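Each chain, letter by letter, is given below.
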Amino acid sequence: MKIYVSSMQRLMQMPDVFRGSDLTIRFQWTSKTASQYLYLWRRRGLIQPLGGHSDVYANLLLAPHPNWEKAARLAMPSATLIGLESLRRAGWITQIVRRPEVAVSTLDRRYAIEPYEVVTRPPSWFERCRAAIFRQGPEALPTLHPAWALVDLLKHEGWQRCGLDPDDLDWEIIEDHDALRAACEVLNYSFSDLQPWLENE
C-alpha cells in the first residue's frame, strides 16, 4: 500500500539549506517533479532561493531566519567575507553594510545573489591571503582579517570609492600594525599611505 506523504512533510525532511538537485536523490524524483515542488514551496513562502542560478534554497519551514552564510558556502565553496563587513565585525567601523562583500575564486562558479555583493579574486589571491583568512565553523563564511580587508579595499578601490573615508575608521583600536604591514607587503600596497592616521591615533 502506497503511503501518502504531504509536500510539507517532505520539506521537513530537508535541511535548513539545500540544493534543489538534492530532491532528486532524496525522494527519487525526476528533475521535472523536483522543479514542480520547488515552485509550489516557493509560491507558498516555504522556501527562499539564494538567487542567481545557484539552485540553493533556504528552508523557511525549518528555519524562518535563513543562514545565508551557510547558503553562500554551499553555492560557492571558496566564498570569503571581505570588505567593510570584515571591518565592522572587528569594531573598526560602525556603519551597517546592506550587502556585505564576498570574494569568490575565479575557479568557482559565481552567482548574482541578493544577500551579498560577489566579487572574484584569482586563486593566487586566496593563496597569498590564506594565513589571514579565519574560519569559524562549517556554517559561517570564512572572514578576511580586518587589516587585510582594509588594505584589499584600498588596493582595489581606494578611499571614498570603497564607501569609506579615513575618518570613518576608529584608528585608536587598530593596534595590529604588523598585520597592516604584512597585508601591504603581500597585496602590494604602500604602508606609508596609512601612516599619517596610524601616527595620530
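It should be noted that the structure appears before, not after, this text.
Below you will find a few notes about this structure. (Residues numbered from 1 in each chain as written. Predicted model: local features only at pLDDT ≥ 70, side-chain atom pairs only at ≥ 80, totals over all residues. Heavy atoms only, no water.)

## Looking at helix H4 (residues 68-75)
Where H4 is concerned, the buried positions are Trp68, Glu69, Ala71, Ala72 and Ala75. Taken around the axis of H4, the buried residues stretch over an arc of 160°, which confines them to a single face. Close packing links the buried residues of H4 with strand S1 (17-19), strand S2 (47-49), strand S3 (56-59) and helix H5 (83-89). Among the residues of H4, the N-terminal cap falls to Asn67, whose side-chain oxygen and the backbone nitrogen of Glu69 are separated by 3.2 Å. (Buried < 20%, exposed > 50% of the residue type's maximum accessible area, 1.4 Å probe, protein only. Helix = DSSP H or I, 4+ residues; strand = E, 2+ residues; numbered from the N terminus. Arc of directions from axis to C-beta. Contact = heavy atoms within 4.5 Å. Polar contact = N/O pair within 3.5 Å; in protein donor to acceptor, adjacent residues only side chain to side chain.)

## A short note on the packing of helix H7 (residues 146-156) against helix H8 (residues 177-187)
In the contact formed by H7 and H8, the axes pass within 8 Å of each other and the chain directions differ by 40°. In terms of axis orientation, H7 runs oblique to H8. For the element pair H7 and H8, the recorded crossing hand is right-handed. Here H7 contributes Ala147, Trp148, Leu150, Val151, Asp152 and Lys155 to the contact with H8, which in turn contributes Ala179, Leu180, Ala182, Ala183, Cys184, Val186 and Leu187. For the contact of H7 with H8, the class distribution of residues is eleven nonpolar, no polar and two charged. (Axes fitted to C-alpha atoms, helices over the stretch in contact; angles between N-to-C directions. Parallel < 35°, antiparallel > 145°, perpendicular 65-115°, else oblique. Left-handed = near helix turned anticlockwise from the far one by under 90°. Nonpolar A, V, L, I, M, F, W, Y, C, P; charged D, E, K, R; others polar.)

## A closer look at unusual backbone geometry
Within the chain, Gln28 stands out as a residue other than glycine whose phi angle is a positive 55°. Position of Gln28 relative to the elements: it lies in the loop between helix H2 (22-26) and helix H3 (31-43). Exposure remark for Gln28: the relative accessible area of 67% places this residue in the exposed category. Phi at Gln160 takes a positive value of approximately 65°, unusual for a residue other than glycine. A relative accessible area of 52% places Gln160 in the exposed class.

## Looking at the sheet that holds S3
Here we have three strands laid out as an open sheet, ordered S1-S3-S2, and antiparallel in their pairing. Each end of this open sheet is capped by a strand with a single partner; those strands are S1 and S2. Across this sheet, the average inter-strand angle for adjacent strands is 30°, counted without regard to direction. The pairing of S1 with S3 spans three bridges and is classified as antiparallel. Bridge assignment links Phe18 to a residue of S3, and that residue is Tyr57. Here H3 sits on the sheet and contacts S1, S2 and S3; the angle it forms with S2, its principal contact strand, is near 105°. Lying on the sheet, H4 is in contact with S1, S2 and S3; it crosses S1 at an angle near 25°. (Pairing = 2+ DSSP bridges.)

## With respect to the pattern of salt bridges
Inspection of the entire model under this criterion finds ten salt bridges. The partner of Arg130 in a salt bridge is Glu127, and the shortest N-O contact between them spans 3.1 Å. Between Asp178 and Arg181 there is a salt bridge, with the nearest N and O atoms lying 3.3 Å from each other. Taken as a pair, Asp178 and Arg181 lie in helix H8 at a separation of three residues, close to a single helical turn. Under the relative-accessibility criterion, Arg181 is labelled partly exposed at 40%. Here the residues in one salt-bridge network are Glu69, Glu85, Arg88 and Arg89, joined through shared partners. (Salt bridge = Lys/Arg side-chain N within 4 Å of Asp/Glu carboxyl O.)

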